[in-house]
Amino acid sequence: MGTLFKYLSVIVVLGWFFPAACTTYVEPDEIGVRRSLLGGILPEDMGQGHCIDVPLYHTMYRLPRSYHYLEFLQNTEHPALELRTRGDNVITVEATVMYRILPGEGHKIIEEGFGASYREKVYSVSRGFLLEHLGNLTNEAIQKPDEREKIAASAVAPLNAKLKQYHVTVPKDGVVIRRIRFQA
């Protein structure tokens, strides 16, 4: 009877320990990507729930599913955009770009080696594009809110074309011009 109790105890402990040690929980706001030692990266994004993650055989990556806000503001990590317009004015533009990982393409970010750097790449591409695109502002467009909104809306499609290589997308109203200031 004592031996049976020992075996049952071991089975109960293993039954409790195994799922905790060999799974990773992917939160509702995350995309799970699994890489195995022999099979490489699983070519699909994993949704919310427990995913098999055998120690020393699998590596789990969790990427954010939600929208991110890239803000070009004064006195922040990403400074405001200083540019020269077609009207030959030097202006400072504070803008926000909203983006997220394309559905079903999170595994491609890991596969192509952008897991730790895709945010920096999005920042670099967005900054360069906005400097060029907002440089097309005229003196009249700077002063009219409707014109500024049109310029911001027209930036979405070409920005998406440039960001597609990093598997992210900007929604329809994802570029917002927050403030424009002229130099003193």
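Located above this text is the structure these notes cover.
Cut-offs and rules
- Residues numbered from 1 in each chain as written.
- Predicted model: local features only at pLDDT ≥ 70, side-chain atom pairs only at ≥ 80, totals over all residues.
- Heavy atoms only, no water.
- Helix = DSSP H or I, 4+ residues; strand = E, 2+ residues; numbered from the N terminus.
- Rg over C-alpha atoms; globule rule 2.2 N^0.38 Å.
- Buried < 20%, exposed > 50% of the residue type's maximum accessible area, 1.4 Å probe, protein only.
- Contact = heavy atoms within 4.5 Å.
- Areas by Shrake-Rupley, 256 points an atom, 1.4 Å probe, with all protein chains shown as cover.
- Lys, Arg positive; Asp, Glu negative; His and termini not counted.
- Charge placed at Lys NZ, Arg CZ, Asp CG, Glu CD.
- Phe/Tyr/Trp six-rings, centres within 6.5 Å; stacked < 30°, edge-to-face > 60°.
- Pairing = 2+ DSSP bridges.
- Salt bridge = Lys/Arg side-chain N within 4 Å of Asp/Glu carboxyl O.
- Polar contact = N/O pair within 3.5 Å; in protein donor to acceptor, adjacent residues only side chain to side chain.

(A) The arrangement of the overall build of the protein in detail. Looking only at helices and strands, the protein has six helices and ten strands in total. Rg of the C-alpha trace for the protein: 24 Å, well past the compact-globule value of 16 Å for 184 residues, more than 25% over. Each principal axis of the C-alpha distribution contributes one length, and for the protein these read about 90 × 30 × 25 Å. Taking all 184 residues of the protein together, 40% fall into the buried category. Of the contacts made within the protein by residues no fewer than 6 positions apart, 69% connect residues no fewer than 24 positions apart. A total accessible area of about 11100 Å² is found for the protein, and carbon and sulfur atoms account for 56% of it. Distance between charge centres in the protein, computed from 21 positive and 21 negative side chains, equals 1 Å.

(B) Summary view of the packing of aromatic side chains. Using the criterion set out here, one finds two aromatic pairs in the structure. An angle of 25 degrees between the planes, with centres 5.7 Å apart, marks the rings of phenylalanine 72 and tyrosine 123 as stacked. Taken together, the residues span a long stretch of sequence, with phenylalanine 72 in strand E6 (residues 68–72) and tyrosine 123 in helix H3 (residues 118–134) at a distance of 51 residues. Like phenylalanine 72, the residue tyrosine 123 is buried in the burial classification. Summarising the aromatic geometry, the rings of phenylalanine 114 and tyrosine 166 are spaced 5.1 Å apart at their centres and angled 75 degrees between planes, so their arrangement reads as edge-to-face. Of this pair, phenylalanine 114 sits in the loop between helix H2 (106–111) and H3 while tyrosine 166 sits in the loop between helix H6 (156–163) and strand E9 (168–169), and the two are 52 residues apart along the sequence. For tyrosine 166, a relative accessible area of 13% gives the class buried.

(C) Quick peek at unusual backbone geometry. Here the phi dihedral of leucine 56 falls at roughly 70 degrees; this positive angle occurs in a residue that is not glycine. Within the fold, leucine 56 resides in the loop between strand E4 (49–52) and strand E5 (58–64). With relative accessibility at 84%, the residue leucine 56 sits in the exposed group. For histidine 167, which is not glycine, the phi torsion reads 65 degrees and is therefore positive. Using a relative accessible area of 7% as the deciding quantity, one classes histidine 167 as buried.

(D) Representation of the sheet that holds strand E3 (residues 40–41) within the structure. Strands sit in the order E3-E2-E5 across an open sheet of three strands; the sheet is antiparallel. Edge strands, defined here as strands with exactly one partner in the open sheet, are E3 and E5. Bridge count between strand E2 (residues 30–36) and E3: two bridges; the pairing is antiparallel. Its bridge partner lying in E3, serine 36 is registered against glycine 40.

(E) Summary view of the pairing of strand E7 (residues 81–84). Residues Leu81 and Leu83 point to one face of E7 and are all buried, whereas Glu82 and Arg84, pointing to the other face, are not buried. Where E7 and strand E8 (residues 90–101) come together, four bridges link them in antiparallel fashion. Bridging across to E8, leucine 83 finds its partner in isoleucine 91. Hairpin connection of E7 to E8: five residues between the antiparallel strands, including aspartate 88 at a positive phi of 65 degrees.

(F) Here's a closer look at the side chain of aspartate 53. Mapped onto the secondary structure, aspartate 53 falls in the loop between E4 and E5. Within the buried set, aspartate 53 has no salt-bridge partner at all; the shortest N-O distance to an opposite charge, 7.2 Å, is to arginine 34. A polar contact is formed between the side chain of aspartate 53 and the side chain of threonine 24, at a distance of 2.6 Å. Discounting residues that sit within four places of it in the chain, aspartate 53 has contacts with Ala21, Cys22, Thr23, Thr24, His58, Thr59 and Met60.

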